[in-house]
Amino acid sequence: VIQAMVDYSSNMARSLAVVLALAIVAMASAYSDRGIVNLDDLTFDKVVDGSRAVFVRFDKEYAWGDEHDAFKEAAKRVGESAADVLVVTVPLSKVDNHLDKLTERFGVKESDWPMFKLFKKGQTSRDTPVD
């Protein structure tokens, strides 16, 4: 009986973690272009967890123009496909100091914006991504 209770608690904790992760992704996507999830230093490690490939774009906070439109279209196509890839963006701002942790960690300089990185399935945010 005790073992059954322990197993039940463990399963509930896993289920809660999955629901929380999905809620984070849903909330983040509410503030982004269709098919693109916005991440910051609080959500990045939770989403780039190795469960799927994640294609990351580091770019200015309010990206615009032909290049951004092409990226939005590509993200939409990936989202509509059967590919197990999540497309995310990390919006960067000169005045937004909370993103310094991610830009430092991944060597992203303003002169490099936009910068793209790919975390393959099985890689977490602590692994070295493909540039």
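First, a word on what this report is: a plain description of the structure on this page.

Reading guide: rules and limits
- Residues numbered from 1 in each chain as written.
- Predicted model: local features only at pLDDT ≥ 70, side-chain atom pairs only at ≥ 80, totals over all residues.
- Heavy atoms only, no water.
- Helix = DSSP H or I, 4+ residues; strand = E, 2+ residues; numbered from the N terminus.
- Buried < 20%, exposed > 50% of the residue type's maximum accessible area, 1.4 Å probe, protein only.
- Contact = heavy atoms within 4.5 Å.
- Areas by Shrake-Rupley, 256 points an atom, 1.4 Å probe, with all protein chains shown as cover.
- Salt bridge = Lys/Arg side-chain N within 4 Å of Asp/Glu carboxyl O.

With that settled, consider the overall build of the chain. A tally of regular secondary structure across the chain gives four helices and four strands. Helices (α) and strands (β) of the chain occur, in sequence order from the N terminus, as α-β-α-β-α-β-α-β. The proportion of buried residues among the 131 residues of the chain is 31%. Within the chain, contacts between residues separated by at least 24 positions form 66% of all contacts whose residues are at least 6 apart in sequence. Put simply, the chain shows about 8600 Å² of open surface, and 58% of that area lies on carbon and sulfur atoms.

Now for the pattern of salt bridges. Scanning all chains against the criterion turns up nine salt bridges. Close ionic contact of K101 with D41 constitutes a salt bridge, the shortest N to O distance being 3.8 Å. One end of the pair, K101, is in helix α4 (residues 100-105); the other, D41, is in the loop between β1 (37-38) and α2 (44-47), with 60 residues separating them in the sequence. Residue classification places D41 among the buried residues on the basis of a relative accessible area of 17%. Across the salt bridge formed by R57 and D59, the nearest N and O atoms sit 2.5 Å from each other. We note that R57, like D59, is buried.

Note that all results are geometric; they support no functional claim without further evidence.
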